Amino acid sequence: MIRGVIIMNDQGKPRLIRFYEFQPVEKQQELVRSIYKILCSRAENVSNFVKVDSLFGPDVRLVYKTFATLYFVFIFDNSENELAMLDLMQVFVETLDKCFSNVCELDIVFNFNKVHTILDEVILGGQVLETSSSEVVMAVEDISKLEKNSNSIIPSIPGWQGR
Amino acid sequence: MGSQGGFGQSKEFLDLIKSIGECRSKAEEDRIVLREIETLKTRLSSPNTPKFKLKEYLIRLLYVEMLGHDASFGYIHAVKMTHDENLLLKRTGYLAVTLFLNEDHDLIILIVNTIQKDLKSDNYLVVSAALNAVCRLINEETIPAVLPQVVELLGHQKEAVRKKAVMALHRFYQRAPGSVSHLISNFRKRLCDNDPGVMGAALCPLFDLITIDADAYKDLVISFVNILKQVAERRLPKSYDYHQMPAPFIQIKLLKILALLGSGDKKASEQMYTILGDIMRKCDSTSNIGNAILYECICCVSSLHPNPKLLEAAADAISKFLKSDSHNLRYLGIDALSRLIKISPEIAEQHQLAVIDCLEDPDDTLKRKTFELLYKMTKSSNVEVIVDRMIQYMISISDNHYKTEIASRCVELAEQFAPSNQWFIQAMNKVFEHAGDLVNAKVAHNLMRLIAEGFGEDDDAADTQLRSSAVESYLQIMGEPKLPSAFLQVICWVLGEYGTADGKYSASYITGKLCDVAEAHLADDTVKAYAITALMKIYSFEIAAGRAVDVLPECQSLIEEMLASHSTDLQQRAYELQAILNLDSHAVKKIMPMDSTCDDIEIDKSLSFLNGYVQQAVENGAQPYIPESERSGMSNISNFKSQEDHESSTHALRFEAYELPKPVLSQNVPPILASSTELVPVPEPSYVADILQPAISAPSASDAGSSELRLRLDGVQRKWGKPTYSSPTPSTSSNDTVKIQNEATQRDSVGMSNSKTRDVSYDSRKQQVEISPEKQKLAASLFGGVSKSDGRQPSSSQKISKPQNPTSDKSRAAKAAAPDTASVKTSQPPPDLLDLSEPSVSSSAPSVDPFKQFEGLLDLKQDPTPVSAGGVGSTEASDFMSLFTDMSLNVPTDGVLDPMPNVINGNGLGGITAADHSVQQLNKGPNLKQALEKDARVRQMGVTPSGQNPSLFKDLLG
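Just so it is clear, the structure is predicted and the values come from calculations on it, not from any experiment. (Residues numbered from 1 in each chain as written. Chains lettered and ligands numbered in written order. Predicted model: local features only at pLDDT ≥ 70, side-chain atom pairs only at ≥ 80, totals over all residues. Heavy atoms only, no water.)

**Student:** Honestly, the overall build of chain B in this entry has me stumped. Any pointers?
**Tutor:** Looking only at helices and strands, chain B features 44 helices and two strands. Burial statistics for chain B: of 958 residues in total, 53% are counted as buried. (Helix = DSSP H or I, 4+ residues; strand = E, 2+ residues; numbered from the N terminus. Buried < 20%, exposed > 50% of the residue type's maximum accessible area, 1.4 Å probe, protein only.)

**Student:** Help me understand the sheet that holds strand E4 (residues 61-67) of chain A, please; the structure alone is not making it clear to me.
**Tutor:** Strand pairing in a sheet is mediated by backbone hydrogen bonds. Such pairs are either parallel or antiparallel. Residue and element names in this part refer to chain A. Taken in spatial order, the five strands make up an open sheet running E2-E1-E5-E4-E3, and their pairing is antiparallel. Strand pairing shows two members of the sheet lacking a second neighbour, strand E2 (14-19) and strand E3 (49-51), which therefore form its edges. Taken over all neighbouring pairs, the strand axes of this sheet differ in orientation by 15 degrees on average, direction set aside. Bridging between E3 and E4 involves three bridges; their strand directions are antiparallel. Looking across to E4, one finds that Lys51 is bridged to Arg61. (Pairing = 2+ DSSP bridges. Axes fitted to C-alpha atoms, helices over the stretch in contact; angles between N-to-C directions.)

**Student:** Please clarify how the packing of aromatic side chains should be interpreted in this entry.
**Tutor:** What describes a pair of aromatic rings is the distance from one ring centre to the other and the angle between the planes of the rings. Residue and element names in this part refer to chain B. What the rule picks out here adds up to 17 aromatic pairs over all chains. Taking the centre distance of 5.8 Å and the plane angle of 80 degrees together, the rings of Tyr474 and Phe487 count as edge-to-face. Residue Tyr474 is found in helix H25 (residues 460-477), and its partner Phe487 is found in helix H26 (residues 485-498); the two are separated by 13 residues along the sequence. Just as Tyr474 is buried, Phe487 falls in that class too. Here the aromatic rings of Tyr505 and Tyr509 are separated by 5.5 Å at their centres, their planes lie at 15 degrees, and the arrangement is stacked. For Tyr509, a relative accessible area of 37% gives the class partly exposed. Positioned over the ring face of Phe207 is Lys253, at 5.2 Å from the centre of the ring. (Phe/Tyr/Trp six-rings, centres within 6.5 Å; stacked < 30°, edge-to-face > 60°. Lys NZ or Arg CZ within 6 Å of the ring centre and 35° of its normal.)

**Student:** Got a minute to help me understand a negative patch on the surface in this structure?
**Tutor:** Residues and elements named next belong to chain B. Taken together, the side chains of Asp516, Glu519, Glu554 and Glu561 define an acidic patch exposed on the protein surface. Those elements that provide at least two residues to the negative patch are helix H27 (507-520) and helix H29 (553-563). With respect to the helices and strands, Glu561 occurs in helix H29. Residue Glu561 is classed as partly exposed on the basis of its relative accessible area, which comes to 40%. (Patch = residues over 30% accessible without salt bridge, like charges linked within 9 Å, V, L, I, M, F, W, Y side chains within 5 Å. Areas by Shrake-Rupley, 256 points an atom, 1.4 Å probe, with all protein chains shown as cover. Salt bridge = Lys/Arg side-chain N within 4 Å of Asp/Glu carboxyl O. Lys, Arg positive; Asp, Glu negative; His and termini not counted. Charge placed at Lys NZ, Arg CZ, Asp CG, Glu CD.)

**Student:** Hey, could you run me through a nonpolar patch on the surface in this one?
**Tutor:** All names here are of chain B. Residues Ile76, Ile109 and Leu110 make up a contiguous nonpolar surface patch of roughly 260 Å² in combined accessible area. Tracing the backbone through its elements, the reader meets Leu110 in helix H6 (residues 108-119). You can call Leu110 partly exposed: its relative accessible area is 41%.

**Student:** How should the pairing of strand E1 (residues 2-9) of chain A be read in this particular structure?
**Tutor:** Every other side chain in a regular strand lies on the same face of the sheet, so the side chains alternate between the two faces. All names here are of chain A. Most of E1 is tucked away: seven of the eight residues are buried. Pairing analysis gives seven bridges linking E1 to strand E5 (residues 70-76), with the strands arranged antiparallel. Along E5, the bridge assignment pairs Ile6 with Val73. Strand direction decides the pairing type here: E1 and E2, joined by five bridges, are antiparallel.

Below, the structure is given as structure tokens:
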């Protein structure tokens with residue numbers, strides 16, 4: 001199961017935090033800080049995996065990758081495959097890129113609710129839900145369209161039939 | 001939509017982020033955030049705030065909480081927003097509650113009703129939003145409220161909803177297995193869903209279920225194999241392909257499931273061989289995801305009933321991984337190797353040099369993985385090298401968690417495979433020296449026990465030698481500063497028992513050393529207690545031997561200090577020591593017999609030796625003792641109590657008054673014993689022996705010899721050999737078992753001593769400077785014995801020393817060949833853009849003002865260079881997608897190929913190389929232009945990047 005997804009920038013500032021088991025706010029901050037410390041100590045051109053059993057318990061690992069100024073981090077246990085997680089991260093970032101056309105850090109800061117929406121289409125409750133970025137983009141566009149519609153016709157959204 | 005426009009947020013939000021981005025200190029940031037919280041507090045609770053504004057405030061609140069500040073005042077507004085009819089607001093509300101609340105929060109109950117309603121909505125997006133919330137927020141108590149609807153949704157028309165419903169049900173199962181146990185068949189049913197995505201989702205819960213009980217799902221083996229076959233044969237729609245692999249994530253999940261089902265089941269395994277072989281053959285090992293599948297296949301093969309052909313294929317794949325330049329693949333290779341050596345230990349041999357390379361790699365992750373491999377392949381023939389390496393590594397790291405893990409592994413390996421006691425003690429010394437406070441306290445006691453018990457009863461000379469060498473090594477080590485407490489305890493104990501035993505060191509020398517220890521660790525009462533008891537032993541051995549005791553002045557002052565100690569334990573020890581100093585040698589011999597730690601001590605719990613004294617007292621008119629149970633009034637209380645117990649189990653609340661405190665009278669345990677056991681900080685058997693001896697025997701001295709005290713060692717794990725427990729049988733029979741075990745250890749050690757000689761030669765060779773032969777030797781000492789029969793059997797270790805050279809030569813040749821091929825590879829242009837290297841350029845881009853960079857870019861626009869920033873659809877500009885595929889395998893970095901490094905570094909889109917001919921063309925328009933527009937827009941909005949975060953506007957993927 002995937003335990004969490006974290007996006008932070010290269011100064012350790014969190015841009016998106018999502019844990020699939022509830023963590024109180026202080027604990028979240030502590031985890032982000034410890035992970036940032038670990039990632040900073042990693043040399044360049046080494047593997048993308050780190051064992052984090054000291055933070056999350058036995059057999060929990062994380063996969064991280066830097067994209068420009070951001071670290072993307074997936075935390076997961078031994079029911080997932082490291083390389084596959086790395087590719088899942090790729091799917092996620094590709095999707096972000098498609099949804100924001102040339103995604104940059106500011107997109108994520110200002111639209112982190114939308115980033116959450118995208119993430120929710122990829123991972124649900126700690127399990128991989130969808131791995132095709134075009135499917136995710138379609139789902140997210142559906143949602144955006146509907147949100148737009150409902151914006152113009154506040155108060156209700158009656159007859160919108162999705163099927 | 002927001003993302004396309006000016007980020008869709010208000011000026012206020014932009015300003016907030018801007019000012020936080022420009023903060024120079026945490027305090028400044030906190031101040032800004034606190035001001036923001038105040039604003040949000042008033043605005044959120046104001047009744048006049050328009051709804052769409054509320055939404056933004058909520059998002060700002062989420063942002064504030066993400067930065068680590070308390071936002072609990074706004075939770076209720078998030079809950080309220082989930083009730084809204086507007087989908088946008090509703091979704092924001094759901095997002096906020098899923099991030100804010102845990103499943104046991106009081107407010108959840110206010111959302112359940114909304115979720116119920118939304119699950120019934122005829123808009124599938126509303127249903128999806130509700131299912132997302134269900135996964136996160138529903139706890140055991142509220143599951144029944146939504147369960148019927150979720151089950152109903154398993155049959156929803158829309159596959160996205162079915163998928164999420166399966167996940168939600170899975171979540172319920174994780175949270176409270178009992179609540180959905182009757183619905184588990186639904187997961188099986190969903191396996192036959194028309195939509196492959198739903199089927200894939202159903203694999204997740206099935207994987208969990210099979211992990212718990214594989215036998216109940218053996219009937220599905222054929223189905224899983226069939227599904228896997230269909231996937232591998234590309235029968236799924238094209239949309240499930242990922243990097244030219246058919247539905248790789250489903251394949252991986254299926255392989256994991258098959259591994260569980262086929263483990264230890266020959267029949268099931270046989271059904272899987274064909275498809276596994278097919279997949280491994282077809283796997284595209286140039287792409288990341290292809291390797292992920294390959295790795296999963298190896299894991300599966302290694303857990304199935306062995307099949308030679310597949311094992312061979314797996315070994316091939318492993319060697320490919322290990323030879324790769326990518327750390328990720330080498331990491332997987334090492335991991336796969338450690339799985340496979342369980343079945344075919346001989347394959348480790350071909351990879352010895354690769355393994356040693358990984359061991360010396362700067363990548364910590366890889367190193368740790370390699371140590372795990374070594375840990376798994378340790379046997380008596382290579383234990384010395386491996387433990388030595390592990391200790392070296394343990395010393396070099398600072399992470400306490402991992403230090404502890406490695407230290408306990410060293411101890412475990414040393415205990416299991418130690419070739420000689422000397423070596424064991426030395427290894428333990430090192431572990432203690434560097435991680436003494438991190439290892440389990442038991443380890444210290446095991447060590448003391450080993451030194452006390454030695455090899456066995458027959459070989460006293462070896463025991464004495466062992467003890468002398470232990471004493472010697474401790475006298476050397478103990479001068480060092482900052483020794484861990486546990487180690488000092490061992491040192492004190494050993495010096496006390498055996499410091500003067502061989503006559504090499506005088507009593508005054510040893511006592512002086514012990515005083516030094518006690519004085520150097522004034523804050524550590526346990527060490528001081530050990531030291532003073534050791535002093536007591538030394539003095540009493542001297543007295544018993546009839547020599548004059550000469551208490552050093554520093555010892556005298558130490559004892560005096562202890563007599564006034566705040567710790568009653570230390571006080572008692574000091575008084576006992578004083579008492580012993582004044583006794584004659586005969587009495588001391590009785591109290592402190594030489595080298596008696598291994599003897600059993602019998603405790604006369606009925607205190608029968610006092611009978612005469614009691615008798616006399618009664619005759620002199622003392623009141624006879626009445627047992628507790630017979631005392632008047634007592635029985636009532638105990639009856640009342642039992643009744644009370646019964647009642648309290650039936651009622652949750654008690655309204656009666658509490659019963660009177662019951663006096664605890666221990667009639668069975670001698671009071672002195674009780675008090676001294678209470679003082680024992682660590683209730684470890686050998687420690688107890690240490691303290692009890694003087695404590696108990698002091699009073700019995702007056703009663704000279706009327707009882708024989710023995711330490712009870714029932715149920716204590718034996719140190720050597722297989723983990724057996726000494727039985728609580730009478731001492732004669734337990735002596736027999738000890739003898740048997742000792743014989744066993746001896747037999748082992750005979751075999752081990754052979755490997756010892758080999759290792760000496762290894763050590764001498766190690767002095768040579770050249771790296772590669774040293775590596776080879778390391779390889780030989782690690783793997784040399786692998787191809788022979790298991791090193792644990794004594795006979796095999798003799799063969800080890802010689803035949804290692806040919807194999808290592810061979811692998812040296814292979815090693816020499818490997819760099820050649822690698823260099824050939826690097827000089828070639830990448831054959832396929834799919835395996836581009838890491839985007840290292842972007843991270844190493846100079847951090848200058850991005851606007852300058854952009855200006856430079858604008859100039860370039862007019863330049864007639866092929867990299868025209870605005871070039872729509874030009875291959876150079878638009879193929880940044882190739883970066884996506886950058887999970888590097890073995891190809892050079894971008895910079896090498898890049899004909900125009902300046903342009904690339906200048907605009908921050910480092911991944912774009914003119915040489916790239918896009919494989920995956922995306923009709924996405926000119927991204928440089930877009931980036932510029934975005935930048936201009938941001939500047940208009942007044943958000944300027946500060947010097948602190950110059951690369952704020954850099955494209956993520958560039």
